[in-house]
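# An overview of the molecular structure
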Amino acid sequence: MCTEYQDPGYDKADQDVAFPFGFGLSYTTFELSDLSVSTSGSVADGTFGARVSVTVANTGDRDGAEVVQVYVEDVLSEVATPPRQLRGFAKVALVAGERTQVSIDLDQRAFSFWSDRHRRWAVEAGEFVVAVGRHSRDLPLRASLHVEAPSLAAPLTAASTLQEWVADPVGAELLGAEMAAAPGAGAGPGLDDDVIAIIGNFPMKALASFPGMVIDRPTLDLLSEQWAARQGR
């Protein structure tokens, strides 16, 4: 089996390559069918996993061995990831005409990416595609699954910047509502683009101490608690 590094840019651009990742030759032929994917555990407690099962048949007239390869694609990731990544494989030897079922277990790491923000391997909720085949360009069997996972959004606190608050849908809603309802709101700075461009990188706790700000530190702490409650934290 070819194990040389293949630039994922070729896959993303759908460009031809001489030898796809995982490519190998055989004196016989194989057919994969009956893909099933079952999940267990939960991302929240680190026990999430999937069992990928497929039927492998030696359809040629010679004995041989095949390497069943499982690739995982995060359909909509917050970071740039390759279109598909090898996450598991199993080698099976079959005599001519024989067929068998092969199961490959994937742990939570198979659905993870390295998050610089959280400094750990993380799983984001959403749709994943599990593809099975003989190499990275021959994946005839595909199954989609939705993974539930805790929010990866960084918590909004008094130390978060104004830009971070307004970039978060819930944070922007809470902040805007509080500023609109606070006494003297019309006298203080609004949240227009010019203001955000000037003071957007300031921590909210620093802005709360500015003269004329309509949100003080106790109110800011309350907004942080409300944001956490809306996130189920």
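Residues numbered from 1 in each chain as written. Predicted model: local features only at pLDDT ≥ 70, side-chain atom pairs only at ≥ 80, totals over all residues. Heavy atoms only, no water.

### Brief notes about the packing of helix H3 (residues 169–181) against helix H6 (residues 217–230)
- It is at 10 Å that the axes of H3 and H6 come closest, and there the two elements cross at 145°. In this structure, the crossing between H3 and H6 has a hand that is right-handed. Residues Val170, Gly171, Glu173, Leu174, Leu175 and Glu178 of H3 form the contact with H6, whose participating residues are Thr219, Leu223, Gln226, Trp227 and Arg230.
- Its residues placed into classes, the contact of H3 with H6 shows five nonpolar, three polar and three charged. (Axes fitted to C-alpha atoms, helices over the stretch in contact; angles between N-to-C directions. Helix = DSSP H or I, 4+ residues; strand = E, 2+ residues; numbered from the N terminus. Left-handed = near helix turned anticlockwise from the far one by under 90°. Contact = heavy atoms within 4.5 Å. Nonpolar A, V, L, I, M, F, W, Y, C, P; charged D, E, K, R; others polar.)

### Focus on the sheet that holds strand E4 (residues 85–94)
- Spatially, E4-E3-E8-E9 is the arrangement adopted by the four strands of the open sheet, whose pairing is antiparallel. Only two strands of the sheet have a single partner each, and these edge strands are E4 and strand E9 (141–147). Taking each pair of neighbouring strands and ignoring which way they run, the sheet shows an average axis angle of 20°.
- In the sheet, strand E3 (residues 64–74) pairs with E4 via nine bridges, with the strands oriented antiparallel. When the bridges of E4 are listed, Val72 appears paired with Gln85. (Pairing = 2+ DSSP bridges.)

### Looking at unusual backbone geometry
- We note that Asp34 has phi near 55°; this positive angle belongs to a residue other than glycine.
- In this structure, Asp34 sits in strand E1 (residues 30–40).

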